[in-house]
Amino acid sequence: MRTDLFSDDHEQFRASVRGFVGKHVVPNMQRWDSDRLIDRDTWRAAGAQGLLGLSVPEEYGGPGETDYRFRVVIQEEIARVGASALQSGFSTNDDIALNYLLRHATDEQRARWLPGFVTGETIGAIAMSEPGAGSDLRGIGTTAVRDGDGWVINGSKTFITSGILAGLVIVFAKTAAENTTGSSSNDFSLFVVEDGAPGFARGRKLDKVGLHAQDTAELFFDNVRVGENQLLGEVGGGLRYLMQSLPLERLGIAIAGQVSAEAVFDWTLAYVKEREAFGGPIGRFQGLGFTLAELATGIEVCRAYIDRCVREYNNGTLTAIDAAKAKLWATELQDKVIDAGVQFHGGYGYMMEYPVAKAFIDARVQRIYGGTNEIMKEIIHRDLMR
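Remember, it's a predicted structure, so these values are computed and weren't measured experimentally.

A. Region of interest: the overall build of the protein chain. When helices and strands are tallied, the protein chain shows 11 helices and 10 strands. Computed over its C-alpha atoms, the radius of gyration of the protein chain comes to 21 Å, within 12% of the 21 Å expected for a compact globule of 386 residues. Taken over the C-alpha atoms alone, the protein chain extends approximately 80 × 50 × 40 Å along its principal axes. Residue pairs at least 24 apart in sequence account for 75% of intrachain contacts in the protein chain once pairs closer than 6 positions are excluded.

Shown next, in the form of structure tokens:
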């Protein structure tokens, strides 16, 4: 896949990422799937290699890198080997949890929490979804009630990425009693709950269709007391902060979809060139060839839009609408490419020893999390009708 998005600096960084992937990722992927967990040593190794916390300012131990293209390089190199669970975990850490801290944490909170995101010692999670509230976050039941000089949190969350390993969880909770404006948008706030807090418990590792190596868990909060210094941003700012962070979250998912589609297409093209039937490679048959032509074109067109979104994010101009379009289109394309890849591999495409089969089960959630694709369509639709 040709792209003019990257400079020599990005390609030098790519060599470092590729070395990390070859040494620490490829040999461990099968074990991670069996353990349903990516071990902490891998996170620390990524930190030592300079792959985590890229946007953390220098005063907190990070490189202070504001160029998101370096994160794209990481996504690409992990996708090449089909390590979708690691890709998802790193994105949750850097594009979501860390992004909230960078946007809304005080200087004291930054000094306390940011260094660990660089070293890999701190794994972050964002706790929004609940058993009865997914895309409709206004329907959550988790509450935070002011108590003296702190807050008491009660409720439960589910489908939490990195929920088992996370040492820092950003919790979206209802603080309606503190709302003096009368607007329901101000009924919610964000709190940071750290590992070991009394009353904070993790449930089971959820048994998912795909992304087996990515630990996903239920979280429970039973009278969890947090100090005022664990409120993130302003009281009542939670929903607004979520809206501000969604463009990057959805851009990250879109990039994951794009780079996965590119990797699977490359695997499939190589396979149909080598696999023979009826006296020649199966790729010479027009039925396969026309599909490959359509998918190759779709990948190139989508990449142009993704690259534009990355540049806009770097410039601070990426809108929530454009990010929704990117997430919608790239993940739908990913589904088409992988489905064709499985089909063209024939029976081998259904065998888990082939990366295309693993990609098939890992990719299904892409059209669900970060806001379902139906929600993406509704966001785009509403914008068109304004």
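That was the structure; now back to the text.
B. Quick look at the environment of R31. Along the polypeptide, R31 turns up in helix α2 (residues 29-35). R31 sits in the partly exposed class, given a relative accessible area of 35%. Between the alpha carbons of R31 and A340 there is a distance of 28 Å; along the sequence they are 309 residues apart. A polar contact is formed between the side chain of R31 and the side chain of D39, at a distance of 3.1 Å.

C. A look at a nonpolar patch on the surface. Together, Y348, Y350 and M351 make up a nonpolar patch on the protein surface, roughly 360 Å² of accessible area in all. Structurally, M351 is set in the loop between α9 (320-345) and α10 (355-363). Look at M351 and you get partly exposed, because its relative accessible area is 36%.

D. View of helix α4 (residues 69-80). An ideal rise of 1.5 Å per residue puts 16 Å on 12 residues; α4 measures up with 17 Å between its terminal C-alpha atoms. Along α4, 10 of the 12 residues are buried, which leaves the element largely enclosed by surrounding structure. Buried residues in α4 make contact with α1 (8-25), α5 (84-104), α7 (238-274) and α8 (286-315). Trailing α4 by a residue or two, G82 shows a phi angle of about 75°, which is positive.

E. Main features of the pairing of strand β3 (residues 150-161). Of the pairings in the sheet, the one linking strand β2 (residues 143-147) to β3 comprises 5 bridges and is antiparallel in character. When the bridges of β3 are listed, T143 appears paired with N154. Of the pairings in the sheet, the one linking β3 to strand β7 (residues 216-227) comprises 9 bridges and is antiparallel in character. Opposite G150, over in β7, you have G227 as the bridge partner.

F. Representation of the packing of α5 against α7. The interhelical angle for the contact between α5 and α7, taken along N-to-C directions, is 160°, at an axis separation of 10 Å. When the axes of α5 and α7 are compared, the pair comes out roughly antiparallel. The two elements α5 and α7 meet at a crossing, and its hand is right-handed. In contact with Q87, D95, I96, N99, Y100, R103 and H104 of α5, α7 contributes Y241, L242, Q244, S245, L248, E249, G252, A256 and V259. Class assignment of the residues belonging to the contact of α5 with α7 gives a composition of 7 nonpolar, 6 polar and 3 charged.

G. Local environment of the packing of aromatic side chains. For the structure shown, the criterion picks out 8 aromatic pairs. Their ring planes at 80° and their centres at 6.4 Å tell us that F278 and F285 sit as a pair that is edge-to-face. You can call F278 exposed: its relative accessible area is 79%. The aromatic ring of F6 is capped on one face by R14, whose charged end is 5.1 Å from the ring centroid.

Criteria and thresholds
Each residue is numbered by its place in its chain's sequence as written, counting from 1. Restriction of local features to residues with pLDDT of at least 70 applies here, the model being predicted, together with a cutoff of 80 or more for giving and counting side-chain atom pairs; totals for whole chains, interfaces and linings are based on all residues. To obtain the side-chain values, all non-hydrogen atoms of the structure were included, while hydrogens and water were left out. Each helix is a run of DSSP H or I of at least 4 residues and each strand a run of E of at least 2, with the numbering of both proceeding from the N terminus. Computation of the radius of gyration draws on C-alpha atoms alone. For the globule rule, the value is 2.2 Å times the number of residues to the power 0.38. Note on contacts: a residue pair is in contact if any heavy atoms of the two residues lie within 4.5 Å. For each residue, the accessible area found with a 1.4 Å probe, counting protein chains only, is set against the maximum for its type, and the residue is called buried under 20%, exposed over 50%, and partly exposed in between. Polar contact is defined as a pair of N or O atoms within 3.5 Å, subject to the rule that within protein one atom must be able to donate a hydrogen and the other to accept it, and that residues adjacent in sequence are counted only when both atoms are side-chain atoms. Note that patches include only residues with greater than 30% relative accessible area and no salt bridge, and the join distances are 9 Å for like charges and 5 Å for nonpolar side chains (Val, Leu, Ile, Met, Phe, Trp, Tyr). To measure how exposed things are, a 1.4 Å probe is used in the Shrake-Rupley method; for residues, cover is taken only from the protein chains shown. For this analysis, a salt bridge means a side-chain nitrogen from Lys or Arg found within 4 Å of a carboxyl oxygen belonging to Asp or Glu. Multiplying 1.5 Å by the helix residue count minus one yields the expected span of that helix. Strands qualify as paired when DSSP identifies two bridges or more between them. Each axis is a line fitted through C-alpha atoms, taken for helices only over the stretch in contact, and angles between the N-to-C directions span 0 to 180 degrees. Note on terminology: angles under 35 degrees are roughly parallel, angles over 145 are roughly antiparallel, angles of 65 to 115 are roughly perpendicular, and the others are oblique. Rotating anticlockwise by less than a right angle from the far helix to the near helix defines a left-handed crossing, while the corresponding clockwise rotation defines a right-handed one. Each residue gets one label: Ala, Val, Leu, Ile, Met, Phe, Trp, Tyr, Cys and Pro are nonpolar, Asp, Glu, Lys and Arg are charged, and the others, such as Gly, are polar. Two rings from Phe, Tyr or Trp (for Trp, the six-membered ring) form a pair when their centres sit within 6.5 Å of each other. Planes less than 30 degrees apart are called stacked, planes more than 60 degrees apart edge-to-face, and all others tilted. Only when the NZ of Lys or the CZ of Arg is both within 6 Å of the ring centre and within 35 degrees of the ring normal is a charge said to sit over the ring.

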